[in-house]
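What follows is the residue order along each chain.
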Amino acid sequence: MRVGVHLFATLLAYVPGARLGEPLIIEVDAGATVADVIARLGVPAEEVAIIMVNGLHRDAEHVLAEGDRLALFPSIAGG
Amino acid sequence: MSERYDRNLALPGFGAAGQARLAGARVLVVGAGGLGSAILHYLAAAGVGTIGIVEGDTVSESNLQRQVLYTTNDLGRPKAEVARARLLALNPEICVEIAGARLDDNTAPALVGGYDLVVDATDNIPARLALNAACTAAGKPWVHGAVSEYTGQVTTFVPGGPCYCCLYRSPRPQALPPRGILGPVPGAIGAIQATEAIKYLTGLGELLVGRLLVMDFLPARCAVFNYGKDPACSVCGSGQQSGPAS
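1. Observations regarding the overall build of chain A
When helices and strands are tallied, chain A shows one helix and five strands. Secondary structure elements of chain A, listed N to C terminal, follow the sequence β-β-α-β-β-β. For 79 residues, the compact-globule estimate of 2.2 N^0.38 gives 12 Å, and the C-alpha radius of gyration of chain A, at 12 Å, lies within 12% of that figure. For the C-alpha atoms alone, the extent of chain A along its principal axes is close to 40 × 25 × 20 Å. Among the 79 residues that make up chain A, the fraction classed as buried is 51%. Entry remark: accessible area of chain A is about 3500 Å², with carbon and sulfur atoms responsible for 52%.

Right, here's the structure in full:
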């Protein structure tokens, strides 16, 4: 199945070619979780602070469905 | 007659009424570093009547790369004092208060209580959590900003709307080591925060409520992420006694 992934801020650096505002469309196996996608993209799990699936907060064990829109944010804290 | 605010007064929708609103406003800026330098400068220049500064650090050499309120001659001096003097030199018509040295769970309620609006120029998550809790409890709006490397973000929280913890459900206090930051990035993000503050005070335009503006300066791209109030939010969710009515 296919899901769309939006990476934000410093997480973009982990995925060559990823661009802010443009979703990555990736193929995943049925039953794949958010954690599976994070690992597949090579993003360090500890750097993901916000997980949103279709605009709703989810945790890393959330099971994805066809067409889901996943947004991953780091914790940006500097000032 | 003073020409100081001519460019504000000439703006569509701004006028004398808008300028008067700024003059009568009290804004607390928490932090006088990279974000704070820009925020404080633009709020003072715009004529915000009373600006409070929360800052306990002294000026160090590595600050000068991005904290544009300070000069080499200020090294070792308390940032709040230098910032106050610099802002009053820019605009003697306003009042600048050193509100405190540090915002945390203990000091936040008293600090935010004396102001109409708070602008986040902190550099750590515990301070933002304390700010969020205090502002939510007191029904105070605040403008969040944060930066890292080549990236920055801004969003605005108002009473009754989503709060910081609706966005960051389980923020890690400080799990990662500090990263570098390109000098103009906090300047640009701070300027956007100051713009949000002026918009709030004057009632102009649309605020970044429920919208996280993310700017990635390396590829020169930006995006807006829409988010809503989380009913299960531990700070402002339904059933919480400390938050505004949901």
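2. Structural notes on the pattern of salt bridges
All names here are of chain B. Scanning the entire structure with this criterion turns up 10 salt bridges over all chains. Between arginine 77 and aspartate 74 there is a salt bridge whose closest N-O contact spans 3.1 Å. Assessed through its relative accessible area of 36%, arginine 77 is described here as partly exposed. Judged by its relative accessible area of 2%, aspartate 74 falls in the buried class. Here aspartate 120 ties to arginine 128 by a salt bridge, and the two come within 2.7 Å at their closest N and O atoms.

3. Concerning the side chain of aspartate 230 of chain B
One can find aspartate 230 of chain B in the segment after strand 8 (221–226). Residue aspartate 230 of chain B is classed as buried on the basis of its relative accessible area, which comes to 8%.

4. Some details on helix 4 (residues 79–90) of chain B
Residue and element names in this part refer to chain B. Here helix 4 contains 12 residues, and its C-alpha end-to-end distance of 16 Å stays within 8% of the 16 Å for a straight helix at 1.5 Å per residue. Among all positions of helix 4, only Lys79, Ala80, Val82, Ala83 and Leu87 are buried. Buried residues along helix 4 cover an arc of 160° about the axis, so they all sit on one side. Against helix 3 (34–46), strand 2 (50–54) and strand 3 (95–100) lie the buried residues of helix 4.

5. Focus on the sheet that holds strand 3 (residues 50–53) of chain A
Residues and elements named next belong to chain A. One open sheet accounts for five strands, arranged 2-1-5-3-4; its pairing is mixed. Both edges of this open sheet fall to strand 2 (24–27) and strand 4 (56–57), since each of them pairs with a single strand only. With four bridges connecting them, strand 1 (residues 2–7) and strand 5 (residues 69–73) associate as parallel partners. Note on strand 5: the bridge partner recorded for glycine 4 is arginine 69.

6. Things to note about unusual backbone geometry
Its identity is not glycine, yet asparagine 54 of chain A carries a phi of approximately 55°, on the positive side. Summarising the element assignment, asparagine 54 of chain A is placed in the loop between strand 3 and strand 4. Judged by relative accessible area, which is 33%, asparagine 54 of chain A ranks as partly exposed. One non-glycine residue, alanine 220 of chain B, adopts positive backbone phi at about 55°. Considering the arrangement of structural elements, one finds alanine 220 of chain B in the loop between strand 7 (211–216) and strand 8.

7. Notes on the confidence of the model for chain A
Detailed conclusions should not be drawn from predicted coordinates in areas where pLDDT is low. The predicted model of chain A has a mean per-residue pLDDT of 93, with 100% of residues at 70 or higher. Across chain A, helix 1 (residues 34–41) of chain A holds the top mean pLDDT of 96, while strand 4 of chain A sits lowest at 84.

8. Some details on the packing of helix 2 (residues 15–23) of chain B against helix 8 (residues 184–202) of chain B
All names here are of chain B. Packing of helix 2 against helix 8 brings their axes to within 8 Å, and their N-to-C directions diverge by 110°. As judged from the angle between their axes, helix 2 and helix 8 are roughly perpendicular. From helix 2, Gly18, Arg21 and Leu22 reach across to helix 8, where they touch Ile198, Leu201 and Thr202. Here the residues of the contact of helix 2 with helix 8 are counted per class, giving three nonpolar, two polar and one charged.

Criteria and cut-off values
- Residues numbered from 1 in each chain as written.
- Chains lettered and ligands numbered in written order.
- Predicted model: local features only at pLDDT ≥ 70, side-chain atom pairs only at ≥ 80, totals over all residues.
- Heavy atoms only, no water.
- Helix = DSSP H or I, 4+ residues; strand = E, 2+ residues; numbered from the N terminus.
- Rg over C-alpha atoms; globule rule 2.2 N^0.38 Å.
- Buried < 20%, exposed > 50% of the residue type's maximum accessible area, 1.4 Å probe, protein only.
- Areas by Shrake-Rupley, 256 points an atom, 1.4 Å probe, with all protein chains shown as cover.
- Salt bridge = Lys/Arg side-chain N within 4 Å of Asp/Glu carboxyl O.
- Expected span 1.5 Å × (residues − 1).
- Arc of directions from axis to C-beta.
- Contact = heavy atoms within 4.5 Å.
- Pairing = 2+ DSSP bridges.
- pLDDT = per-residue confidence, 0-100.
- Axes fitted to C-alpha atoms, helices over the stretch in contact; angles between N-to-C directions.
- Parallel < 35°, antiparallel > 145°, perpendicular 65-115°, else oblique.
- Nonpolar A, V, L, I, M, F, W, Y, C, P; charged D, E, K, R; others polar.

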